[in-house]
Amino acid sequence: MMQRASQSAAILLIRRGFTAISHNLSRERRRFSRVPTIDFSSIRGANDAIRLFREMVVMSPQPSDRVYANLLSVVTKMEEYRVALYLFDEMRQLGVGVTDYAMNIAINCCCHLKQVDFAFAIMGSFFKLGYEPNARTFSVLLKGLYSVSRVAEAENLLVKVLTLKLCELDDVMILTVMNGTCKAGLSRNALDLLHVLEQNSYKPNVYSYSVVIDGLCSEGMVDDALHLLSRMGDKGISPNVFTFSSIIQGLCSFSRWNEVKYLLVVEMVRLNIPPNVITFTILVDAFCKNGMMKEAEDVFELMARINVRPNVITYSALIHGYSLKGKMVKAKEIFDSTVERGLKHDIINYISLINGYCKNGNVDEAWSLFNEIPRIGLRHTVISYCTMIHGLFRVGRYADGWKLFRDMEACHISPDLDAYNIFLDGLCQNQKIVEAFDLLRMMEDRGVKPDIVSYGTLIDGLCKAGNVDAAKHILLDQLPSKGLRPNVKIYTMIIGSLFLKGLDEEAEDLFFEMEKSGCIPDSKTYNVIVWMLLKRKEVYKAMPFLEEMYRRGFSADAANVSLLRDRLQREGRDDSLLEMIMNVVPQLKNVLCLGFLNDIR
């Protein structure tokens with residue numbers, strides 16, 4: 001009801017054009033009476049605000065226009081935007097004068113309610129009354145446009161403000177545009193807008209530059225970010241720790257460690273910008289994700305030496321890193337020390353440990369942590385359930401995993417597509433193919449559309465169960481009917497299974513059909529085919545595939561190199577075969593000893 005009221009209020013404001021309705025209060029009495037005291041601290045909710053408004057309406061003398069605007073501000077800070085719009089409309093009907101402050105509050109409320117068109121209509125009406133919107137007004141409108149993903153309109157509005165000189169741009173407006181554009185994944189556009197501002201003699205501050213640098217790094221354009229950092233220096237704008245932290249994170253994403261070191265020990269030192277906990281945490285996290293635990297430990301120890309206190313995210317990165325490496329004793333030590341330092345664990349830390357224990361086969365320890373989550377006041381998520389269920393499936397505890405799936409649903413935690421794909425994988429790994437198809441139908445009945453990963457899991461399960469005909473049926477019939485395009489992994493599964501069953505002609509037909517459909521075989525495809533043929537000692541049949549993969553820049557994997565080496569060692573001298581193999585598998589030269597080469601030659 002209140003939502004309809006706020007919309008009606010906004011519409012009424014627009015239709016009236018905010019024409020003031022005369023208020024029957026005696027101006028003489030206002031002039032000589034004592035100004036009443038308004039106690040905004042008594043407002044605890046929407047009803048209190050409306051009650052106080054009713055009291056203000058009958059006060060004599062009337063509170064000033066600014067006091068009414070302050071009431072709107074209080075209501076807005078309580079995030080009661082619909083109530084604020086309702087009161088604003090009531091004020092207009094009572095003839096309360098409009099201030100820029102009140103107008104901006106009304107526009108802000110519309111934007112928070114994602115009623116951006118109403119916000120623009122309010123601004124248009126005030127234009128007609130001779131009011132001029134200021135930078136604050138345009139900042140609010142820009143933020144509103146970004147909140148409803150109307151990025152192009154926001155960018156156009158900024159250009160219009162610049163071109164028509166509708167107001168003097170301030171740092172808040174510029175930062176709003178840069179932040180909104182970058183969050184929309186359009187950091188290149190933000191970079192162009194920065195250039196436009198520079199050409200119009202505006203000087204964005206370090207925060208605007210830093211936001212764009214962060215956006216560029218997030219989108220993988222680290223070199224552009226480095227160039228913008230250099231441009232900041234040319235313009236006399238000194239970067240801050242946030243600027244450097246963003247670039248360091250971007251460089252870490254591409255393992256450009258030397259450049260990270262240069263920024264830390266040269267540039268930041270030169271500019272006297274010490275790294276903070278965010279900078280160090282970025283480094284710890286990056287090293288952990290790359291399995292570089294020694295480097296992560298060194299950074300962690302450095303933090304202690306220079307009195308930079310790690311936060312819960314720092315500890316989370318270490319816990320995740322040790323768990324990924326299977327070092328669960330160390331991961332648990334870090335986990336326990338976090339609590340000793342007065343920091344509270346979040347669900348992510350528990351998930352990291354549960355995942356680590358499950359991968360190590362220690363499902364009972366994982367189960368103990370899983371049950372601990374609600375006891376310490378945390379709420380399970382679909383990810384925590386999925387991680388535990390996947391761990392149970394991994395060790396063959398299908399019944400326990402399925403029961404936990406039912407428990408998750410009973411707790412009103414709805415599985416998403418990723419969760420269903422984990423369940424499908426668990427069922428297929430345990431050769432529960434019939435149950436996997438039942439789960440697929442359940443997904444569709446519940447409105448969760450299976451994707452190529454879902455069908456790929458089923459195809460993999462069918463191939464491992466020896467039912468390659470059913471796998472081919474899904475590939476050739478079901479996937480096209482559902483608008484899904486099979487990927488190289490799926491083709492490789494089926495082709496390998498066909499060769500395994502001795503159905504070479506079907507496998508080769510599917511291989512050529514794969515490429516004809518636009519799905520190009522990769523190194524894995526060729527290596528699977530070669531491995532299947534070499535296992536059957538059909539070296540000459542494997543040669544065309546070895547030659548083709550070599551022409552395409554692929555290399556035989558270690559398993560195939562080993563099979564070829566064994567074949568040559570067992571069957572002795574065969575100069576023509578040796579020459580062919582050496583031409584397409586050059587790594588054999590490093591594997592076979594010189595003496596062996598001399599022997600067979």
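Residues numbered from 1 in each chain as written. Predicted model: local features only at pLDDT ≥ 70, side-chain atom pairs only at ≥ 80, totals over all residues. Heavy atoms only, no water.

Once that is clear, we can look at the overall build of the protein chain. A tally of regular secondary structure across the protein chain gives 35 helices and zero strands. Every one of the 601 residues in the protein chain was classed for burial, and the buried ones make up 46%. Sequence separation of at least 24 residues holds for 63% of the intrachain contacts in the protein chain that already meet a minimum separation of 6. Element-wise, carbon and sulfur atoms account for 52% of the exposed surface of the protein chain, whose accessible area totals about 30,200 Å². (Helix = DSSP H or I, 4+ residues; strand = E, 2+ residues; numbered from the N terminus. Buried < 20%, exposed > 50% of the residue type's maximum accessible area, 1.4 Å probe, protein only. Contact = heavy atoms within 4.5 Å. Areas by Shrake-Rupley, 256 points an atom, 1.4 Å probe, with all protein chains shown as cover.)

This part takes up the environment of Lys-235. Mapped onto the secondary structure, Lys-235 falls in the loop between helix H13 (222-234) and helix H14 (241-253). As for Lys-235 and Lys-203, which are separated by 32 residues in sequence, their C-alpha atoms are 8.9 Å apart. With near-sequence residues (within four places) excluded, Lys-235 lies in contact with Glu-198, Lys-203 and Tyr-209.

As a further point, take a nonpolar patch on the surface. Taken together, Tyr-262, Val-265 and Val-266 make up a surface patch of nonpolar side chains, about 260 Å² in accessible area. Topologically, Val-266 is positioned in helix H15 (residues 257-270). (Patch = residues over 30% accessible without salt bridge, like charges linked within 9 Å, V, L, I, M, F, W, Y side chains within 5 Å. Salt bridge = Lys/Arg side-chain N within 4 Å of Asp/Glu carboxyl O.)

This paragraph deals with helix H10 (residues 171-183). Over its 13 residues, H10 extends 18 Å from the first C-alpha to the last, a length consistent with the 18 Å expected when each residue adds 1.5 Å. Those residues of H10 that fall on the buried side of the exposure criterion are Met-173, Ile-174, Thr-176, Val-177, Met-178, Gly-180, Thr-181 and Cys-182. Packing partners of the buried residues in H10 comprise helix H8 (135-147), helix H9 (151-164), helix H11 (187-199) and helix H12 (206-218). Once H10 finishes, Gly-185 follows within two positions and takes phi at roughly 80°, a positive value. (Expected span 1.5 Å × (residues − 1).)

Okay, the packing of aromatic side chains next. For the structure on display, the rule yields 17 aromatic pairs. These aromatic residues form a ring-pair network of at least three members: Phe-393, Tyr-398, Trp-402, Phe-405, Tyr-420 and Phe-423. Directly above the aromatic system of Tyr-398 lies the positively charged group of Lys-432, at a separation of 4.9 Å from the ring centroid. (Phe/Tyr/Trp six-rings, centres within 6.5 Å; stacked < 30°, edge-to-face > 60°. Lys NZ or Arg CZ within 6 Å of the ring centre and 35° of its normal.)

Before going further, it helps to examine the pattern of salt bridges. Considering all chains together, one arrives at 29 salt bridges under this definition. Across the salt bridge formed by Arg-270 and Glu-267, the nearest N and O atoms sit 2.8 Å from each other. Here Arg-270 and its partner Glu-267 are both found in helix H15, three residues apart, which amounts to about one turn of the helix. Across the pair Asp-460 and Lys-464 runs a salt bridge whose closest N-O atoms are separated by 3.2 Å. Taken together, the residues Asp-460 and Lys-464, both in helix H26 (residues 452-464) and four residues apart, mark about one turn of the helix.

Turning our attention to the packing of helix H30 (residues 523-535) against helix H31 (residues 539-551). Look at H30 against H31: their axes get within 8 Å of each other, and the N-to-C directions meet at 165°. With respect to H31, the axis of H30 lies roughly antiparallel. At the point where H30 passes H31, the crossing takes the left-handed sense. Contact with H30, carried on its side by Ser-523, Tyr-526, Asn-527, Ile-529, Val-530, Leu-533 and Leu-534, involves Val-539, Lys-541, Ala-542, Phe-545, Leu-546, Glu-548 and Met-549 of H31 and no other residues of that element. A class-by-class count of the residues in the contact of H30 with H31 yields ten nonpolar, two polar and two charged. (Axes fitted to C-alpha atoms, helices over the stretch in contact; angles between N-to-C directions. Parallel < 35°, antiparallel > 145°, perpendicular 65-115°, else oblique. Left-handed = near helix turned anticlockwise from the far one by under 90°. Nonpolar A, V, L, I, M, F, W, Y, C, P; charged D, E, K, R; others polar.)

If you check helix H27 (residues 468-481), its first and last C-alpha atoms are 19 Å apart, about what 14 residues at 1.5 Å a residue would give, namely 20 Å. At Ile-474, H27 shows its largest bend, some 35°. Contacts from the buried residues of H27 go to helix H25 (433-445), H26, helix H28 (488-500) and helix H29 (504-516). Backbone geometry just after H27 places Gly-483 at a positive phi near 75°. (Bend = angle between axes of the 7 residues up to and from the residue.)

Judged by nonpolar contacts, the single largest core of 186 residues is most densely connected at Met-178, Phe-423 and Ile-494. Residues within four places of Phe-423 in sequence aside, it is in contact with Cys-386, Ile-389, Phe-393, Phe-405, Met-408, Pro-415 and Leu-439. (Core = buried A, V, L, I, M, F, W, Y, C linked by side-chain atoms within 4.5 Å.)

Attention shifts here to the confidence of the model for the protein chain. When the pLDDT values of the protein chain are averaged, the result is 85; 88% of them are 70 or greater. In the model, residues 13-33 has pLDDT below 50 throughout and makes 35 contacts with residues more than four positions away in sequence or in other chains. Contacts for the low-pLDDT stretch residues 593-601, under 50 throughout, to residues beyond four places or in other chains number ten contacts. (pLDDT = per-residue confidence, 0-100.)

All right, on to the side chain of Asn-527 then. Among the secondary structure elements, Asn-527 is positioned in helix H30. A residue is classified by how much of its surface remains accessible, and Asn-527, at 5% relative accessible area, is buried.

What follows covers the environment of Arg-552. Mapped onto the fold, Arg-552 is located in the loop between H31 and helix H32 (558-571). Using a relative accessible area of 29% as the deciding quantity, one classes Arg-552 as partly exposed. C-alpha of Arg-552 to C-alpha of Pro-521: the two residues are 31 residues apart in sequence and 9.8 Å apart in space. Leaving out residues up to four positions away in the same chain, Arg-552 has contacts with Glu-515, Ile-520, Pro-521 and Tyr-526. Side-chain polar atoms of Arg-552 contact the side chain of Glu-548, separated by 2.9 Å. (Polar contact = N/O pair within 3.5 Å; in protein donor to acceptor, adjacent residues only side chain to side chain.)

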